[in-house]
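Analysis of the macromolecular model
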Amino acid sequence: MNTENPPFLVARYALIIAIVGGLAALLTFAAGGLGGTGVTAQEFVDLQQGHTVHAGFRRAHAKGFCVAGEFVSSGALEPHTTATLFASQTTPFVGRLSIAGSNPTAPDLKAPVRSLALSFAVGEREAWRTAMNTPPVMAVRTPEDFFLQLSALAPDRESGKRDPGKISRFFDEHPESKAFTDWASNYQPTGSLATEKYHSINAFYLVNSGGKRQAVRWQARPVARETGIRPAPGRDALHREFFRRLGQGPVKFDLVFTLAAPEDDADDPTRPWPQSRRQLVAGQLVINSATPQAGGACEGISFDPLVLPHGMEPTRDPILRARSAAYAESYRRRAREHWLGRAGEAGE
């Protein structure tokens with residue numbers, strides 16, 4: 001039985017829908033239809049969610065759980081940004097660990113991509129949100145090509161299977177995907193979400209007190225070492241392994257920033273930067289707790305990568321803006337579905 005006030009819940013979700021619905025429309029308009037191509041956020045999310053809609057869940061990375069902890073800054077980024085969370089201090093965060101796909105009951109170990117998303121409360125009016133993934137780069141550099149990539153990977157409605165020929169043709173026609181396909185062919189998933197390396201993929205700018213901008217990418221680099229031991233089999237293998245591990249102590253990641261050189265293209269997410277680029281350890285992410293996503297602190301958060309604090313700015317990467325618009329549309333749908341569910345409960 002729901003002990004919360006049903007009319008209040010209905011009103012709250014209705015307000016969320018109105019606000020986020022307007023935001024999604026604004027972002028899509030600002031992007032000119034996801035990069036000026038005529039592909040809307042609605043069409044993009046339609047493709048992501050597939051033929052079966054799992055109401056109330058995220059359209060991408062539907063399966064996951066909430067985490068919470070603190071970021072202990074080293075102060076190493078202070079010369080490059082006015083963002084206060086990178087000063088020598090500790091900032092709490094709420095996050096989410098997840099696997100790729102639109103199915104919230106998918107087997108953990110079969111997912112091709114894993115994700116770590118974080119939301120930092122920088123101040124009363126500021127926040128930083130980042131959604132990091134195991135691939136270090138994108139396969140394509142424009143929203144329309146990303147839409148075509150997802151179309152090529154989508155299973156056939158009748159057979160439920162992907163078409164290898166269609167996938168092969170897509171990558172043959174997009175030579176910029178080489179760095180991504182090289183990574184994919186060599187990637188070996190670790191035995192734990194705690195021992196993966198998660199990347200920002202897109203680049204951003206740090207801005208210091210003098211107005212100087214420095215292009216950066218970052219990664220969450222695990223402190224724990226991969227043992228090669230596979231988790232016990234099961235649909236929720238990675239989830240169970242992480243909760244057991246956390247019962248023995250905090251899970252830690254170093255937050256490492258890579259500084260671009262002038263010749264690096266910050267607007268192209270398909271190009272890896274040379275390993276010789278300068279790296280700074282901005283601090284350490286310390287995960288102290290984890291909870292199921294249903295009713296958890298992360299459930300209602302949209303990890304929009306364009307939510308940035310003062311001292312950080314987006315690049316002109318069109319994929320970045322497409323991600324933001326798609327996140328807003330996915331959130332709008334989830335909020336509406338939750339609201340309709342609550343409205344039904346209130347009428348019982």
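Higher on the page you've got the structure.
Let me sum up the structure you'll find in this document. (Residues numbered from 1 in each chain as written. Predicted model: local features only at pLDDT ≥ 70, side-chain atom pairs only at ≥ 80, totals over all residues. Heavy atoms only, no water.)

Describing the nonpolar core
In this structure, Phe-86, Phe-120, Trp-128, Trp-218, Phe-242, Phe-257 and Leu-285 are the most contacted members of the largest nonpolar core, which totals 42 residues. If we skip the residues at most four places from it in the chain, Leu-285 touches Glu-70, Phe-71, Phe-93, Leu-118, Phe-120, Ala-220, Val-251, Lys-252, Phe-253 and Leu-255. Counting residues in each nonpolar core, the second largest holds 12 residues, with Val-137, Val-140, Tyr-187 and Ile-201 among its members. (Core = buried A, V, L, I, M, F, W, Y, C linked by side-chain atoms within 4.5 Å. Buried < 20%, exposed > 50% of the residue type's maximum accessible area, 1.4 Å probe, protein only. Contact = heavy atoms within 4.5 Å.)

Here's the deal with the state of the cysteines
Disulfides are covalent bonds that connect the sulfur atoms of two cysteines. As enumerated under the stated definition, the model contains one disulfide in all. For Cys-66, the disulfide goes to Cys-298, at an S-S distance of 2.0 Å. Residues Cys-66 and Cys-298 are joined by a disulfide whose S-S torsion is about -75°; by sign, that bridge is left-handed. Of this pair, Cys-66 sits in strand E1 (residues 64-73) while Cys-298 sits in the loop between strand E9 (279-292) and strand E10 (312-314), and the two are 232 residues apart along the sequence. A relative accessible area of 2% means that Cys-66 is categorised as buried. Under the relative-accessibility criterion, Cys-298 is labelled buried at 0%. (Disulfide = S-S within 2.5 Å. Helix = DSSP H or I, 4+ residues; strand = E, 2+ residues; numbered from the N terminus.)

A few points about the pattern of salt bridges
Applying the stated rule across the entire model yields 11 salt bridges. A salt bridge links Glu-263 to Arg-277, with the nearest nitrogen and oxygen atoms 3.4 Å apart. Of this pair, Glu-263 sits in the loop between strand E8 (251-259) and E9 while Arg-277 sits in the loop between E8 and E9, and the two are 14 residues apart along the sequence. Take Glu-263: its relative accessible area is 61%, and that puts it in the exposed class. A relative accessible area of 16% places Arg-277 in the buried class. (Salt bridge = Lys/Arg side-chain N within 4 Å of Asp/Glu carboxyl O.)

Digging into unusual backbone geometry
Its identity is not glycine, yet Ile-201 carries a phi of approximately 65°, on the positive side. When you line up the elements, Ile-201 lands in the loop between strand E5 (198-199) and strand E6 (204-207).

Considerations on the environment of Lys-197
When you line up the elements, Lys-197 lands in the loop between helix H5 (178-186) and E5. Looking at Lys-197, the relative accessible area reads 36%, which means it is partly exposed. Between the C-alpha atoms of Lys-197 and Pro-136, which are 61 residues apart in sequence, the distance is 9.1 Å.

A word on the pairing of strand E7 (residues 213-222)
Most of E7 is tucked away: eight of the 10 residues are buried. One ladder, built from two bridges, connects E5 with E7; its direction is antiparallel. Along E7, the bridge assignment pairs Tyr-198 with Ala-220. Pairing geometry for E6 and E7, over four bridges, is antiparallel. Paired with Leu-206 across the two strands is Gln-214, which belongs to E7. Connecting E6 to the antiparallel partner E7 that follows it, the hairpin turn spans five residues, and Gly-211 within it adopts a positive phi of roughly 85°. Note: E7 against E8, seven bridges, orientation antiparallel. Among the inter-strand pairings, Arg-217 is bridged to a residue of E8, identified as Thr-258. (Pairing = 2+ DSSP bridges.)

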